[in-house]
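# Survey of secondary and tertiary structure
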Amino acid sequence: MASTNAVADYWTKGNTLKRILQALETAGVALEGISITDLAPIDQFHARGLAGTIDLANRLPIAAGQNLLDIGCGIGGPARYMADRFDCHVSGLDITPGFITAGEELNRLTRMDDKVDLRVGDGVTLPYGSAYFDGAFSQHVTMNVADRAGFFAEAFRVIKPGGFFGLSEHGLGPNGDPVFPLPWADRADICHMIPPGETEHLLDTAGFVGIELLDTGSRYVNGYNEVAAKMKADGPSVLGPHVIGGEDIPLRSSNSIQCIEEGRSSPIEVVCFKPV
Ligand SMILES: C[S@@+](CC[C@H](N)C(=O)[O-])C[C@H]1O[C@@H](n2cnc3c(N)ncnc32)[C@H](O)[C@@H]1O
């Protein structure tokens, strides 16, 4: 089994912060006064980008003043979105050090460092006290996590009784192994997709209740196709997931569509709760 360092190595494609700043400059986006909307094409680093984060946020009972956790926060885009939209505080944790370095600078540039804090860490061993957060979320992270039971147990531990957990991931479909490279892995030893029913079972075993799974496959296919169509019409955009994910993101995205359409991947969005 690959180590967690292998996962961080996979996501580290050079100097992330430098590439982001260069792309913003090329796109003519001034750093002074930059907004979270300006950053959305880059920092919502998962299928459907900002639209996916909004979908998940709409299902979560987030209230102003709450203290939330984003497990596998990437460069902090979803954390900044939640903190800004709901006027709450979000802590983000990610295993890839270069993403945290970039995310902290983006917090500073967007003047959000009082509402969002980021740190390096592994979702399987969370460095927070028990029952500390009002809720937690994790978007497109668990496909890299071999110890899914440990990851869910830690999420459960740090959430207060009555708190929520929102998750999105590409589950393993019924029709065979995925096709590589994918946006989240270029090889099998760092890809730990499991069937949606198994995710539901593991969440239940961790203690979560009110578990509701939503099949997001067709939304993702439409989302990937919209990006591909826009690129065909307008040419490659300066700002997009390639800034962090690398120039072969279109190939990875098209493999992801193939996996969904062939039933090799079953994407889901899940909301569940820690009992009161
Ligand atoms: C597709 S990106 C999603 C980033 C962020 N959630 C977002 O939606 O913008 C997957 C992220 O999961 C992180 N990751 C993978 N395994 C992890 C683990 N065990 N603990 C913490 N982060 C992890 C990677 O470093 C990467 O930033």
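Located above this text is the structure these notes cover.
Conventions adopted
Residues numbered from 1 in each chain as written. Predicted model: local features only at pLDDT ≥ 70, side-chain atom pairs only at ≥ 80, totals over all residues. Heavy atoms only, no water. Helix = DSSP H or I, 4+ residues; strand = E, 2+ residues; numbered from the N terminus. Buried < 20%, exposed > 50% of the residue type's maximum accessible area, 1.4 Å probe, protein only. Arc of directions from axis to C-beta. Contact = heavy atoms within 4.5 Å. Pairing = 2+ DSSP bridges. Axes fitted to C-alpha atoms, helices over the stretch in contact; angles between N-to-C directions. Disulfide = S-S within 2.5 Å.

Time to look at unusual backbone geometry. Each neighbour pair has its own omega, and for phenylalanine 180 with proline 181 the value is 0°, a cis peptide bond. Note that proline 181 resides in the loop between strand S5 (159–172) and helix H8 (196–206). Backbone geometry places arginine 111, a non-glycine residue, at a positive phi of 60°. For arginine 111, the location among the structural elements is in the loop between helix H6 (97–109) and strand S3 (116–120). Take arginine 111: its relative accessible area is 52%, and that puts it in the exposed class.

Taken residue by residue, H8 has Pro196, Thr199, Leu202, Leu203 and Ala206 as its buried positions. Buried positions in H8, seen along its axis, are confined to an arc of 120° and lie on one side of it. In the core, the buried residues of H8 are packed alongside helix H7 (148–158), S5, strand S6 (209–215) and strand S7 (265–273). Note on H8: the residue one or two positions beyond its end, glycine 207, has a positive phi of about 120°.

Turning our eyes to something else, we now look at the sheet that holds S7. Spatial strand order, S3-S2-S1-S4-S5-S7-S6: 7 strands in an open sheet with mixed pairing. The two strands at the open ends of the sheet, each matched to only one other strand, are S3 and S6. In this sheet, adjacent strand axes meet at a mean angle of 15° when their direction is disregarded. Most of the contacts of helix H4 (residues 49–59) go to S7, to which it runs at about 30°, and overall it touches strand S4 (133–139), S5, S6 and S7. Those strands touched by H8 are S5, S6 and S7, and its axis lies near 160° from that of S5.

What follows concerns the state of the cysteines. Applying the stated criterion across every chain, the model contains 0 disulfides. You can see cysteine 259 has no disulfide; the closest cysteine sulfur is in cysteine 191, sitting 8.5 Å from it. You can see cysteine 272 has no disulfide; the closest cysteine sulfur is in cysteine 88, sitting 18 Å from it. Judged by relative accessible area, cysteine 272 falls into the buried class, the value being 0%.

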